[in-house]
Amino acid sequence: MKLGIGIDTGGTYTDAVLYDFDSRTVRAAAKHLTTKHDLAEGICGAMDGLPQFDPSEITLVSLSTTLATNACVEEQGSRAKLLLLGIDPVRAEQSGCGLPPADELYHLDCKTTFSGKVEREPDWDVLRANTESWFGDVDTVGIVEMYAMRNGGVVEQRAAEVLRERFSGTIVCGHELFLDLYCMKRAASTLLNARLLPVIGQFLAAIRHAMQLRSITAPVVIVRSDGSVMNQNFTAAHPVETILCGPACSVSGGIALTGCTDAIVADMGGTTTDLAIVENGVPVRAQDGISIGRWRTYAKGMFVETFGLGGDSAVRCREGQITLSGERAVPLCVLAHRYPSVVEDLKAVCERFPRHSLPLTDFFVLERPLPAHGNYTEQERTLCAALAQRPLIWSDAADCMGVDKYALRLDRLLSEGIVRRAGLTPTDLMHLRGDFDRFDKAASRLGAQFVAAGAELTLRGLCDQVYDRIRRGLYTSIVRILLRRRNPDIVIDESVERLIQLGWDNRHAAPAFGMQFTTSLPIIGLGAPIHIFLDEVAEALGTVAILPEHARAANAVGAITSSVSVTAEMELRDMRNVEGVHWILARGEGQSHTFDTRDEALEALPAIVSEIALAKARERGAAHPTVTVETSDRTSVIYGNEVWMGTVVRAHAVGSIG
């Protein structure tokens, strides 16, 4: 018997499945609250909910997580800065790739040609003189040079050597992550990777601890954003590869659970909702790398629309209007379940302030201990010491820091994931509506009464409004991803958004003139709360919703059914210099090769590209990968004649973890 365990650590819940590889079936599934203070506790809790098994029978453990996804959406992560070599910081800021303002980017001038030849190195003495002032307040530095993909990153490596003379933190060189051409997107990918190192580092440490506690010695792999897997060592150095591994697993799990070959997959978690499209049994892939939040990256992955809407989205009242933000909050019902004193704190605030412009029913919770280093203020240290004892409601947190409740600011502690807010969420309203009843409904009711009073709504009116916002968000996001799939160049501006909104508003009406968005694709609903909202959304789109068994643990199913899969490619082109000398140049994957003829190139390249793909697969942990090669010509019609422009040789290597 070959058994595997699939685990998905989300922002709210950790799911586990026991999978039978011989019958390709899910034996059992279990769920446990994600424990941010100690991720191993939630992982062990989920595994303990499975039927008892012999650890020696487990042949593989595969994990996915939305921790990196959530960190991107919520702008969390370590303190990191970027050193640009030969790249203009102003142009970097304006690139639209998610890079910070120019005055937060650091730059050394140098000159490298497109072929990778270094004509002028940076002034390394300038870097030595400014290392402390530039990078003394961060944990990680990313280094990116304009043409590093052409020369093996020699300038980046030299910069790292100089930086290590005076910087003790982690250094990430862009060429070690991606070899794609556009330097701005490489820079964004490198900076994001630097920010995510501790997020995924803590996750990997928790995995190792959990496996030791349960005496499991089977190989452990992590799912990438394209649905393939990688070993722990590769994951530790490349956390950016996990930014959409949760959505990738939900798609793989949805296919495995339903057998659908053409569908939309909608996975609603606590923090985000992810949408993807499956065509002919294969998830549609992003063409030029993943985009998430403000970040544009070269990480390979599926074509996914991720937006900040989930069961734990913060519900607040601002200027008399109900808002449903992308910020995740710990539901009040969950907090009160852990800390019964929360209900009494809420009662006291609601009696004193039946309504208020501030979110006075919000609490602050310590997620992890304050690091010993980091130049935190005395106020921040005092607050964290108090939070180590119990959560504090808004006014108490302000008193603890010695500031007025209107002046309470915890931006740094929140952005670094040290402190988490708790407050009213859709999960609380589900308790009030009877759609979910696992935790403390009394806390949910008090928080809802406070928010409803600010908007002059009844509790029923508040619940109806939030439920409609969620359904509307699902509908509009599904329409957006379908429009982008049909026309990748479409600009979804305010006018298009308004048309989409009208489609939802008029779903029950029969106006004299209007627009309807429909699809023949069924919608596979995954995630704990999706069943509450999806049927009405599917009906508005003229299709059906499919809610499979084990839908709540689909990500864990997708994790254990994944394998190592990598692609390498090179493109060959005709070249001619000013003297008329002709040759064939093959370039890609950080390499270049020259040949006298096209036939000679086509004979040699499959072996070269295959070896690159196999090396990548082995680096990710595959024991005996296999490889397939395909070639495709690029042509263009010029003056009525089809002209050869180049040939792409692509190798695809797949394999299981050994």
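Attention in this report is confined to the structure presented alongside it. (Residues numbered from 1 in each chain as written. Predicted model: local features only at pLDDT ≥ 70, side-chain atom pairs only at ≥ 80, totals over all residues. Heavy atoms only, no water.)

1. Examining the overall build of the chain
If you tally the helices and strands in the chain, you get 21 helices and 31 strands. In terms of overall size, the chain behaves like a compact globule, its C-alpha atoms giving a radius of gyration of 26 Å where 658 residues would be expected to give roughly 26 Å. A burial count over the chain gives 55% of its 658 residues as buried. In the chain, 67% of the contacts between residues at least 6 apart in sequence involve partners at least 24 apart. Carbon and sulfur atoms form 48% of the exposed surface of the chain, whose accessible area is close to 28,200 Å². (Helix = DSSP H or I, 4+ residues; strand = E, 2+ residues; numbered from the N terminus. Rg over C-alpha atoms; globule rule 2.2 N^0.38 Å. Buried < 20%, exposed > 50% of the residue type's maximum accessible area, 1.4 Å probe, protein only. Contact = heavy atoms within 4.5 Å. Areas by Shrake-Rupley, 256 points an atom, 1.4 Å probe, with all protein chains shown as cover.)

2. What about the sheet that holds strand 10 (residues 170-173)?
Strand order in the open sheet made by the four strands is 6-5-9-10, with parallel pairing throughout. Lying at the two open borders of the sheet, with one neighbouring strand each, are strand 6 (106-108) and strand 10. Each strand axis lies, on average, 20 degrees off the axis of its neighbour in the sheet, ignoring direction. Judged from the four bridges that link them, strand 9 (residues 140-145) and strand 10 form a sheet pairing that is parallel. The residue bridging I143 from the neighbouring strand is C173, located in strand 10. Of the strands in this sheet, strand 5 (80-85), strand 9 and strand 10 touch helix 6 (residues 154-164), which is tilted by about 150 degrees from strand 9. (Pairing = 2+ DSSP bridges. Axes fitted to C-alpha atoms, helices over the stretch in contact; angles between N-to-C directions.)

3. Thoughts on the sheet that holds strand 4 (residues 58-65)
Ordered in space as 3-2-1-4-11-12, the six strands form an open sheet in which the pairing is mixed. The sheet terminates laterally at strand 3 (25-33) and strand 12 (229-231), the two strands that pair on one side only. Each neighbouring strand pair of the sheet contributes to a mean axis angle of 25 degrees, computed without reference to strand direction. Two elements, strand 1 (residues 3-9) and strand 4, share seven bridges in a ladder whose sense is parallel. In the strand pairing of strand 4, I5 is matched with V61. Relative to strand 4, helix 7 (residues 183-213) is tilted by about 155 degrees, and along the sheet it contacts strand 1, strand 4 and strand 11 (220-223). Sitting on the sheet, helix 9 (residues 245-258) touches strand 4 and strand 11, and the angle it makes with strand 4 is about 120 degrees.

4. Considering the side chain of R471
Examined against the element boundaries, R471 turns out to sit in helix 17 (residues 459-486). The buried category is assigned to R471, whose relative accessible area is 15%. A polar side-chain atom of R471 sits 3.2 Å from the main-chain carbonyl oxygen of I532. Each residue touching R471, except ones within four places of it in the same chain, is listed here: W504, I532, F533, E536 and V537. (Polar contact = N/O pair within 3.5 Å; in protein donor to acceptor, adjacent residues only side chain to side chain.)

5. Looking at the pairing of strand 25 (residues 523-526)
Both faces of strand 25 are covered, namely the face carrying I523 and G525 and the face carrying I524 and L526. Two elements, strand 25 and strand 26 (residues 545-546), share two bridges in a ladder whose sense is parallel. Its bridge partner being in strand 26, I524 is matched across the sheet by I546. Following the chain from strand 25 across helix 19 (residues 530-540) to the adjacent parallel strand 26, one finds a crossover that is right-handed. (Right-handed = clockwise from strand over helix to strand, strands pointing away.)

6. Section: the nonpolar core
In terms of nonpolar packing, the biggest core is built from 84 residues, with L429, L462 and Y475 touching the most fellow members. With sequence-adjacent residues up to four places away left out, L462 is seen in contact with I322, L424, L429, A448, V451, A452 and L457. Residues L82, C97, A194 and A248 belong to the second largest nonpolar core, which totals 76 residues. (Core = buried A, V, L, I, M, F, W, Y, C linked by side-chain atoms within 4.5 Å.)

7. What about the environment of A206?
Here A206 lies in helix 7. Taking the relative accessible area as the measure of exposure, A206 reaches 7% and is therefore buried. Spatially, the C-alpha atoms of A206 and E41 are 8.3 Å apart, while their sequence positions differ by 165 residues.

8. Describing the packing of aromatic side chains
What the rule picks out here adds up to nine aromatic pairs. Look at Y106 and F135: their rings are 5.4 Å apart centre to centre, the planes differ by 70 degrees, and that puts the pair in the edge-to-face class. With Y106 in strand 6 and F135 in helix 4 (residues 124-135), the pair connects residues that are 29 residues apart, well separated along the chain. According to the relative accessible area criterion, Y106 is buried, its value standing at 16%. Ring centres of Y467 and F533 lie 5.1 Å apart, and the angle between their planes is 70 degrees; this geometry places the pair in the edge-to-face category. With Y467 in helix 17 and F533 in helix 19, this pair connects stretches of sequence that are 66 residues apart. Owing to a relative accessible area of 1%, Y467 belongs among the buried residues under this scheme. (Phe/Tyr/Trp six-rings, centres within 6.5 Å; stacked < 30°, edge-to-face > 60°.)

9. Focus: unusual backbone geometry
A negative phi holds for most residues other than glycine; trans holds for most peptide bonds. Positioned with a positive phi, S215 is a non-glycine residue whose angle comes to about 55 degrees. Relative to the assigned elements, S215 resides in the loop between helix 7 and strand 11. Unlike most non-glycine residues, E319 shows phi in positive territory, near 50 degrees. Position of E319 relative to the elements: it lies in the loop between strand 19 (313-318) and strand 20 (321-328).

10. Quick word on the pattern of salt bridges
Under the counting rule described, the total for this entry stands at 41 salt bridges. With its nearest N and O atoms 3.6 Å apart, the salt bridge here joins D180 to K300. You can see D180 sitting in the loop between strand 10 and helix 7 and its partner K300 sitting in the loop between strand 17 (295-296) and strand 18 (304-307), a full 120 residues away along the chain. Residue class for D180 comes out partly exposed when judged on its relative accessible area of 23%. When the shortest N-O distance is used, the salt bridge between R420 and E367 registers 3.6 Å. (Salt bridge = Lys/Arg side-chain N within 4 Å of Asp/Glu carboxyl O.)

11. With respect to the packing of helix 17 against helix 18 (residues 494-505)
The axes of two packed helices give the description: the angle between them and the distance between them. Between helix 17 and helix 18, whose axes approach to 10 Å, the crossing angle comes to 125 degrees. The angle between helix 17 and helix 18 falls in the class oblique. Between helix 17 and helix 18 lies a crossing of right-handed hand. Listed contacts from helix 18 to D468, R471, R472, Y475, T476, V479, R480 and L483 of helix 17 are V496, E497, I500, Q501, G503, W504 and D505. (Parallel < 35°, antiparallel > 145°, perpendicular 65-115°, else oblique. Left-handed = near helix turned anticlockwise from the far one by under 90°.)

12. Some words on helix 18
With 12 residues, helix 18 should reach 16 Å at 1.5 Å per residue; the first-to-last C-alpha distance of 16 Å fits that figure. Listed as buried for helix 18 are V496, I500, G503 and W504. Considered in projection along helix 18, the buried side chains sweep an arc of 100 degrees and stay on one side of the axis. Buried-residue contacts for helix 18 involve helix 17 and helix 19. (Expected span 1.5 Å × (residues − 1). Arc of directions from axis to C-beta.)

13. Some remarks on the state of the cysteines
The full count for this structure, using the stated rule, is zero disulfides. In this model C260 remains outside any disulfide bridge; the closest cysteine sulfur is found in C249, 18 Å from its own. Cysteine C463 is unpaired, with the sulfur of C333 as its nearest cysteine sulfur at 12 Å. Judged by relative accessible area, C463 falls into the buried class, the value being 4%. (Disulfide = S-S within 2.5 Å.)

Fair warning: the whole summary comes from geometry, so function is off the table for now.
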